[in-house]
Amino acid sequence: MRKLIYGGKLVVAIAAAWAVGISLYIFFSPISGRGVRTGGIVGAPNAVVETFTTEQSWYEAQGLWGVFVLAIFAGLYLLAVRLAWRSHYIALAILSVVAVALSIIAGFSIGGAYLPAALGLFMGTLMLLSSRWLRSR
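Residues numbered from 1 in each chain as written. Predicted model: local features only at pLDDT ≥ 70, side-chain atom pairs only at ≥ 80, totals over all residues. Heavy atoms only, no water.

J.: Tell me what's going on with the nonpolar core, and back it up with residues and numbers.
T.: Residues Tyr77, Leu92, Ile110, Tyr114 and Leu121 are the most contacted members of the largest nonpolar core, which totals 28 residues. The set of elements that each furnish at least two residues to this core consists of α1 (2-28), α2 (58-85), α3 (89-105) and α4 (111-136). The element that contributes the greatest number of residues to this core is α2, accounting for nine residues. (Core = buried A, V, L, I, M, F, W, Y, C linked by side-chain atoms within 4.5 Å. Buried < 20%, exposed > 50% of the residue type's maximum accessible area, 1.4 Å probe, protein only. Helix = DSSP H or I, 4+ residues; strand = E, 2+ residues; numbered from the N terminus.)

Set out below in structure tokens:
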């Protein structure tokens, strides 16, 4: 029984470490972008069309809102660790469902990177809830 509790808390902590690591990775990774630049009169025979590629930081590409989203994702998992260590398993269960839903909703941008953490959080929550259920029997 005690191993199940400690194992569940460990899985939640590993999920939080993954989420914080992914937030830092996304924040510090350069994002490449493409663009088109035109010169002269568009449609004229001497018009110049140039394509270019740029490297931007996460902040340059997404702005302050993008940094805020990364902080929300990381903070969500850090809150989950706190809830797990204080044995608030019902709140942890709600938070784990929210984390899975957010990862699926944001799946086409950054959510896919957080999906392993969300599933780990969900598994850890199930371990902790099952330990409580086994204890009550």
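J.: Now, about the packing of α1 against α2: what can you tell me, with residues and values included?
T.: Taken N-terminus to C-terminus, the directions of α1 and α2 make an angle of 170 degrees; their axes are 9 Å apart at the nearest point. Judged by the inter-axis angle, α1 sits roughly antiparallel to α2. On α2, the residues touching Lys9, Leu10, Val12, Ala13, Ala15, Ala16, Ala19, Val20, Ser23, Ile26 and Phe27 of α1 are Trp58, Val67, Leu70, Ala74, Tyr77, Leu78, Ala80, Val81, Ala84 and Trp85. (Axes fitted to C-alpha atoms, helices over the stretch in contact; angles between N-to-C directions. Parallel < 35°, antiparallel > 145°, perpendicular 65-115°, else oblique. Contact = heavy atoms within 4.5 Å.)

J.: An account of the packing of aromatic side chains is requested, with residue identities and associated values reported.
T.: If you walk through the whole model with that rule in mind, you get four aromatic pairs. Plain terms: the ring middles of Phe27 and Phe28 are 5.0 Å apart, the flat faces sit at 85 degrees to each other, and that makes the pair edge-to-face. On the accessibility criterion, Phe27 (30% relative accessible area) is partly exposed. A residue is classified by how much of its surface remains accessible, and Phe28, at 63% relative accessible area, is exposed. Ring centres 6.5 Å apart and planes at 10 degrees place the aromatic pair Tyr77 and Tyr114 in the stacked group. Here Tyr77, found in helix α2, pairs with Tyr114, found in helix α4; they are 37 residues apart in sequence, far enough to count as distant. (Phe/Tyr/Trp six-rings, centres within 6.5 Å; stacked < 30°, edge-to-face > 60°.)

J.: Tell me about unusual backbone geometry, and name the residues and values.
T.: As a rule of thumb, non-glycine residues mostly have phi less than zero, and peptide bonds are mostly trans rather than cis. The phi angle at Ser87 is positive, at roughly 60 degrees, despite the residue not being glycine. Inspection of the secondary structure puts Ser87 in the loop between α2 and α3.

J.: Now, about the side chain of Ser131: what can you tell me, with residues and values included?
T.: Along the polypeptide, Ser131 turns up in helix α4. The exposure class of Ser131 is buried, given its relative accessible area of 0%. In this structure, Ser131 is in contact with Met1, Leu4 and Ile5, ignoring residues within four places of it in sequence.

J.: Could you give an account of the packing of α2 against α4, with specific residues and numbers?
T.: Packing of α2 against α4 brings their axes to within 12 Å, and their N-to-C directions diverge by 15 degrees. Looking at the two axes, α2 sits roughly parallel to α4. Seen along the crossing, α2 lies across α4 with a hand that is left-handed. Side by side, α2 and α4 meet where Leu70, Phe73, Tyr77, Ala80 and Ala84 of the first sit next to Tyr114, Ala117, Ala118, Leu121 and Leu128 of the second. (Left-handed = near helix turned anticlockwise from the far one by under 90°.)

Function-wise, these values are silent; they only describe arrangement.
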